[in-house]
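What follows is each chain in one-letter form.
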Amino acid sequence: MQDNDNDKQNPWQDKWLVAYTKPRQEHVALQNLERQSFEVYLPRYKKFKNTETGPVPVFEPMFPRYILFRPSKAEQSIEAVRSTKGISHVVRFGFEPGIVSASMVATLKEFETSQNQATLQEMSNFKAGQKVKLKHVALGALEGLVQSVSSKRVAVLLEILGRPTLVQVDHHQVEASH
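This one's a predicted model, so the numbers in the text were calculated from it and none came from an experiment. (Residues numbered from 1 in each chain as written. Predicted model: local features only at pLDDT ≥ 70, side-chain atom pairs only at ≥ 80, totals over all residues. Heavy atoms only, no water.)

Draft legend 1. Just the sheet that holds strand 14 (residues 174–176), in detail. Reading across the sheet, the 5 strands line up as 13-12-11-10-14 and stay open at both edges, with antiparallel pairing between neighbours. One side of each edge strand has no neighbouring strand; the edge strands of this open sheet are strand 13 (163–170) and strand 14. Averaged over all pairs of adjacent strands, the angle between their axes in this sheet comes to 45°, without regard to strand direction. As judged from the 8 bridges shared by strand 12 (residues 153–160) and strand 13, these two strands associate in the antiparallel manner. Its bridge partner lying in strand 13, isoleucine 160 is registered against arginine 163. (Pairing = 2+ DSSP bridges. Helix = DSSP H or I, 4+ residues; strand = E, 2+ residues; numbered from the N terminus. Axes fitted to C-alpha atoms, helices over the stretch in contact; angles between N-to-C directions.)

Draft legend 2. Focus on the side chain of glutamine 76. Structurally, glutamine 76 is set in the loop between strand 5 (66–71) and strand 6 (87–90). A relative accessible area of 9% means that glutamine 76 is categorised as buried. One polar contact links the side chain of glutamine 76 to the main-chain carbonyl oxygen of glutamine 36, over a distance of 2.7 Å. (Buried < 20%, exposed > 50% of the residue type's maximum accessible area, 1.4 Å probe, protein only. Polar contact = N/O pair within 3.5 Å; in protein donor to acceptor, adjacent residues only side chain to side chain.)

Draft legend 3. Inspection of a nonpolar patch on the surface at higher detail. A surface patch of nonpolar side chains, about 240 Å² in accessible area, is lined by Leu145, Leu157 and Leu166. For leucine 166, the location among the structural elements is in strand 13. (Patch = residues over 30% accessible without salt bridge, like charges linked within 9 Å, V, L, I, M, F, W, Y side chains within 5 Å. Areas by Shrake-Rupley, 256 points an atom, 1.4 Å probe, with all protein chains shown as cover. Salt bridge = Lys/Arg side-chain N within 4 Å of Asp/Glu carboxyl O.)

Draft legend 4. Structural view of the nonpolar core. Counting residues in hydrophobic clusters, the biggest one holds 15 residues, and the most contacted among them are Leu33, Ile67, Phe69, Val81 and Ile87. Put simply, the parts of the chain that give this core at least two residues each are strand 1 (16–21), helix 1 (26–35), strand 2 (38–41), strand 5 and strand 6. Sort the elements by how many residues they give to this core and helix 1 lands first, with 3 residues. If we skip the residues at most four places from it in the chain, isoleucine 67 touches Leu17, Val18, Ala19, Thr21, Glu26, Ala29, Leu30, Leu33, Val40, Tyr41, Leu42 and Ile87. (Core = buried A, V, L, I, M, F, W, Y, C linked by side-chain atoms within 4.5 Å. Contact = heavy atoms within 4.5 Å.)

Structural data, given as structure tokens:
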């Protein structure tokens, strides 16, 4: 039998493997795996964090403490990942590393791209005509109807002293009424 280069191919090269990171060290793991020439993917989602200037987009790991990687070269060993800064361990099922299919990774990337382009209005749980309740304790769970939703505020129609009154509130100051 002839020795063939294909026999020496890395069995993990075309597969996405899963590593479990140390708490809140996904970005540290990402940078260190990239430095070692691994192909790395950290799925993230966009959410809006309320600040004094209004909601700002932030990107959080979709699966906290998990990161996907694969060797970029045939001779690259996945054993180096275990001692990579930011990594706790490679996820295994018995003796075999955990694998995520390429089609699942493509689906995640597609979802991430579309979701991360969405505006606050598109991502908001509030829609015109929806019944909502103000969260402010002093207002005693006052209920109203959403009139409109913008990137910074929700316009809610309330009945105050028997008259309809339109008020503008931050997204975090209202919740869906049941």
